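Structural description and commentary
Read off the chains here:
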Amino acid sequence: MKKIVVLTGAGISAESGLSTFRDAGGLWEGYDIMEVASIDGWRRNPALVLEFYNMRRKAAYEALPNDGHKALAKLEKNFDVTIVTQNVDNLHEKAGSTNIIHLHGELFKSRSSLDEHLVFEMKELEIKLGDKCPRGSQLRPHIVWFGEAVPMLETAAKEVMKADIFIVVGTSLQVYPAAGLIDYVDHNTPIYVMDPKLPYVSPRANLKLIEAKAADGLPKLVEKLILNFE
Ligand code: APR
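The structure displayed is predicted, hence computed values, not measured ones.

Description of the sheet that holds strand 6 (residues 105-112)
Across the sheet, which stays open at both edges, the three strands sit in the order 7-6-8 with antiparallel pairing between neighbours. Each edge of the open sheet carries a strand with a single partner, namely strand 7 (119-121) and strand 8 (139-143). In this sheet, neighbouring strand axes are inclined to one another by 45° on average, regardless of whether the strands run parallel or antiparallel. The sheet contact formed by strand 6 and strand 8 spans five bridges and is antiparallel.

Spelled out as structure tokens, the structure:
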């Protein structure tokens with residue numbers, strides 16, 4: 001089986017009703033990203049950060065996967081698929097994908113603010129000020145914020161290096177180190193980049209740019225890959 005690695009970003013969940021980050025001019029539904037999604041923001045105002053993620057968690061809980069997520073899940077019948085997502089929602093899981101690397105964490109997990117290895121599946125949709133980990137520290141969202149290391153990066157890079165086909169969908173490729181994963185792709189490997197507003201990708205031989213929304217474009221691309229590469 002050929003190996004397909006897919007790098008996804010906020011755009012793949014846009015048609016499921018979840019907002020992207022950079023389409024609204026640096027504001028995420030009225031919040032300044034750096035206030036709510038950085039380690040400094042957390043230190044300054046944990047209540048605001050918890051409120052922001054509680055709101056996002058509720059929205060993600062109610063959201064359904066769209067035809068883009070579903071098409072990627074379908075790929076698993078014919079290919080060995082790894083999804084590397086920058087998204088913290090669980091729409092790839094809900095669509096049925098089984099091999100997902102969450103680079104930037106997961107909304108439905110909480111963790112200790114003392115020890116990044118103390119991670120918990122959440123049973124409720126909110127983390128409140130005063131909710132403590134077993135070691136007594138405030139629980140925080142299991143999210144990789146600006147100013148923090150990306151622990152899953154190396155695992156993701158190893159997968160990207162092994163890809164026979166690489167797909168990038170719904171990301172502005174503005175946030176590093178995630179955006180740099182494309183540089184790990186073997187130079188013979190075809191790369192498909194899909195986005196209604198295509199991000200800049202340095203030209204290379206096997207690059208195919210597809211100006212399309214995920215829910216429309218991915219089912220078509222998946223059909224094509226199944227026909228051509230199986
Ligand atoms: N289908 C596909 N792509 C879409 C769609 C759609 N329906 N709608 C919008 N897009 C594209 C936009 O054109 C844009 O290029 O999705 C991309 C979203 O880009 P960003 O908002 O920058 O999101 P992303 O690249 O995932 O952000 C990376 O930044 O704030 C941090 O940690 C956060 O994981 C996030 C990271």
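Comments concerning the site of the ligand
For the ligand, the set of nearby residues contains 21 residues, the closest of which are Glu15, Phe21, Thr171, Ser172 and Asp195. Separating an oxygen atom of the ligand from a backbone N or O atom of Ala10 is a distance of 2.8 Å. Within the backbone of Gly170, an N or O atom sits 3.3 Å from an oxygen atom of the ligand. Isolated, the ligand exposes 740 Å² of accessible area, and the fraction of that covered by the protein chains is 93%. Split by residue class, the shell around the ligand holds seven nonpolar, eight polar and six charged. Residues lining the shell around the ligand come from more than one domain, with at least three contributed by each of domain 1 (1-18 + 65-104 + 149-230) and domain 2 (19-62 + 106-143).

Some thoughts on the packing of aromatic side chains
Within this structure, the stated rule accounts for four aromatic pairs. Ring geometry for Trp42 against Trp145: centres 5.5 Å apart, planes inclined by 35°, an arrangement best described as tilted. Taken together, the residues Trp42 in helix 2 (residues 39-44) and Trp145 in the loop between strand 8 and helix 6 (153-161) connect sequence positions 103 residues apart. Each member of the pair Trp42 and Trp145 is classed as buried. With a centroid separation of 4.9 Å and 85° between ring planes, the pair formed by Phe52 and Tyr53 is classed as edge-to-face. Taken individually, Phe52 and Tyr53 each receive the classification buried, so the pair is uniform in this respect. Aromatic rings pair up to connect Tyr31, Trp42, Phe52, Tyr53 and Trp145 into one cluster.

Cut-offs applied
Throughout this description, residue numbers start from 1 for each chain and increase along the sequence as written. The model is predicted, so local features are restricted to residues of pLDDT at least 70 and side-chain atom pairs to those at 80 or more, both for listing and for counting; the totals for chains, interfaces and linings are taken over all residues. The basis for every side-chain value is the complete set of heavy atoms in the structure, and neither hydrogens nor water enter the calculation. Think of it this way: DSSP has to see at least two bridges between two strands before they count as a pair. Helical segments are the DSSP runs of H or I of at least four residues, strand segments are the runs of E of at least two, and each set is numbered from the N terminus. To define axes, lines are fitted to C-alpha atoms, for helices over the stretch in contact only, and angles between the resulting N-to-C directions are given on a 0 to 180 degree scale. We call a residue near a molecule or strand when any one of its heavy atoms sits within 4 Å of it. Under this definition, polar contacts are N or O atom pairs within 3.5 Å; protein pairs additionally need one hydrogen-donor-capable and one acceptor-capable atom, and for neighbouring residues in sequence, both atoms have to be side-chain atoms. Only the protein chains shown count as covering a residue, and every accessible area follows the Shrake-Rupley method with a 1.4 Å probe. Residues are grouped as follows: nonpolar covers Ala, Val, Leu, Ile, Met, Phe, Trp, Tyr, Cys and Pro; charged covers Asp, Glu, Lys and Arg; every other residue, Gly included, is treated as polar. Start and end positions for the domains come from either an automated domain assignment or a database one. Side-chain rings of Phe, Tyr and Trp, where Trp is taken by its six-membered ring, are said to pair if the distance between their centres is within 6.5 Å; with planes under 30 degrees apart they count as stacked, over 60 as edge-to-face, and otherwise as tilted. For every residue, the accessible area (1.4 Å probe, protein chains only) is compared with the maximum for its type, and the residue is labelled buried under 20%, exposed over 50%, or partly exposed between those bounds.

Keep in mind that these numbers describe shape and distance, not what the molecule does.
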